[in-house]
Amino acid sequence: MGESIFMSGLAFEVLIDDSLSSVTSTAQLTEIVNNSIISLINDFEDAEWRYPKFQNYLWDNIAQTALSEKERSSLVDQSHSSLIAAAQNLRLTDNDEIGQGSEIAEVFLYGLMRHRFGALPVVPKIFYKQNVQDNAKGADSVHIVIDGDDFTLWFGEAKFYNSIADARLDSVVTSVMNSLSTNKLKKENAIITSVSDLDGLPIAPDLRAKIKAALDNRESIDNLKAKIHIPILLLHECSITSGAKDLSEAYKAEIIKFHKSRADAYFLKQIAKSGSVHKYDDLNFHIILFPVPSKKKIVSAFVQAVAFYKGQS
């Protein structure tokens with residue numbers, strides 16, 4: 001605990017990065033080895049939460065999710081052009097009542113997957129949501145993590161909420177459980193193998209062939225369950241954070257306590273609904289919690305930046 005993850009030169013402090021069984025005080029969760037919790041925080045400057053640092057992190061990572069691999073390659077060393085191109089694929093507008101903030105969470109998760117887990121983006125979801133509507137459904141992020149001559153599949157959920165009270169957690173559990181149906185997982189696998197991004201990523205040819213064979217729809221999804229990871233990012237408005245003025249030990253302790261309680265509550269709810277998922281215990285879940293003082297202020301700044309870059313095209 002108390003480490004920092006350096007992301008594009010910007011460090012977010014990590015308060016917890018551990019298996020849930022190691023940090024929980026709930027007896028029912030101490031024996032479950034496939035659940036983990038990551039708690040990260042931004043810092044403060046001049047008694048203010050560092051909004052610009054958070055926004056910079058989004059824009060430093062936006063090309064990973066809003067541009068295809070081919071587009072990213074064509075714009076190497078053209079960072080301004082990349083931002084303009086990425087902005088064209090963002091849906092977020094001032095009147096986006098339903099999904100307001102969803103793309104912010106997706107971009108943040110893509111950055112975290114890249115820097116914390118060394119993941120490769122195989123389906124840049126914002127790009128395909130904009131350009132191929134049929135691929136918009138399903139996971140909010142799709143990644144592959146290479147481990148020697150093997151791999152794991154990561155299907156992410158990314159939410160930006162005003163609150164992570166119990167009632168809001170119910171909707172996250174429902175979304176995650178729905179994403180784990182055999183049909184949904186096979187559809188994600190089919191998208192991975194049908195788009196060209198996988199072929200452009202730095203993966204050894206033999207391993208690429210192994211990945212494609214494993215994801216073939218003729219294969220049983222049961223064989224993949226142990227390779228599947230579900231990172232669940234909850235960016236959330238937080239009264240503890242809005243009331244803080246510096247990165248004090250008291251603030252950190254309060255966030256740690258709060259995030260542990262929310263992780264416990266989330267996984268208890270998920271386990272209660274897990275009976276419908278075959279081989280549920282083989283799956284790996286990671287809840288990732290990041291508190292912000294004001295969702296509205298973050299969304300507003302992001303929308304303004306999107307409008308600016310869209311206007312440059």
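Thresholds, definitions, all that
- Think of each chain on its own: its residues are numbered from 1, step by step along the sequence as written.
- Only residues with pLDDT of at least 70 get local features here, since the model is predicted, and only at 80 or more are side-chain atom pairs given and counted; chain-wide, interface and lining totals rely on the full set of residues.
- Excluded from the side-chain calculation are hydrogens and water; included are all heavy atoms of the structure.
- What counts as a helix is a DSSP run of H or I of at least four residues, what counts as a strand is a run of E of at least two, and both are numbered from the N terminus.
- A simple rule labels every residue: compare its accessible area, found with a 1.4 Å probe on the protein chains alone, to the largest value its type can have, and call it buried under 20%, exposed over 50%, or partly exposed in between.
- Pairs of residues are marked as contacts when any of their non-hydrogen atoms sit within 4.5 Å.
- Methods summary: accessible areas were calculated by the Shrake-Rupley approach with a probe of 1.4 Å, and residue burial reflects only the protein chains presented.
- When a carboxyl oxygen of Asp or Glu is within 4 Å of a side-chain nitrogen of Lys or Arg, the pair counts as a salt bridge.
- Expected span of a helix: the number of residues minus one, times 1.5 Å.
- For two strands to count as paired, DSSP must find a minimum of two bridges between them.

Caption draft 1: Expanded view of the overall build of the chain. In terms of regular secondary structure, the chain is built from 13 helices and ten strands. Taken over 313 residues, the chain has a buried fraction of 54%. The contacts of the chain with a sequence gap of at least 6 include a subset with a gap of at least 24, amounting to 72%. Carbon and sulfur atoms make up 48% of the accessible area of the chain, which totals about 13,600 Å².

Caption draft 2: Geometry of the pattern of salt bridges. Under the defined criterion, the tally for this structure stands at 13 salt bridges. Of the charged contacts in the structure, one is a salt bridge between Lys53 and Asp43, with a shortest N-O distance of 3.2 Å. With Lys53 in helix H2 (residues 51–66) and Asp43 in the loop between strand E3 (35–41) and strand E4 (44–45), this pair connects stretches of sequence that are ten residues apart. No difference in accessibility class separates Lys53 from Asp43, as the two residues are buried.

Caption draft 3: A look at helix H5 (residues 102–117). Its 16 residues give H5 an end-to-end C-alpha distance of 21 Å, which sits within 8% of 22 Å, the value for a rise of 1.5 Å per residue. Most of H5 is tucked away: twelve of the 16 residues are buried. Those residues of H5 that fall on the buried side of the exposure criterion are Glu103, Ile104, Ala105, Glu106, Val107, Phe108, Leu109, Tyr110, Gly111, Leu112, Met113 and Phe117. Directly beyond the C-terminal end of H5, a positive phi value near 65 degrees is found at Gly118.

Caption draft 4: View of the pairing of strand E9 (residues 228–237). Along E9, nine of the ten residues are buried, which leaves the element largely enclosed by surrounding structure. Of the pairings in the sheet, the one linking strand E8 (residues 150–161) to E9 comprises seven bridges and is parallel in character. Within E9, the residue paired with Leu153 across the bridge is Ile228. As paired elements, E9 and strand E10 (residues 284–292) share nine bridges and run parallel to each other. Among the inter-strand pairings, Ile230 is bridged to a residue of E10, identified as Phe285.

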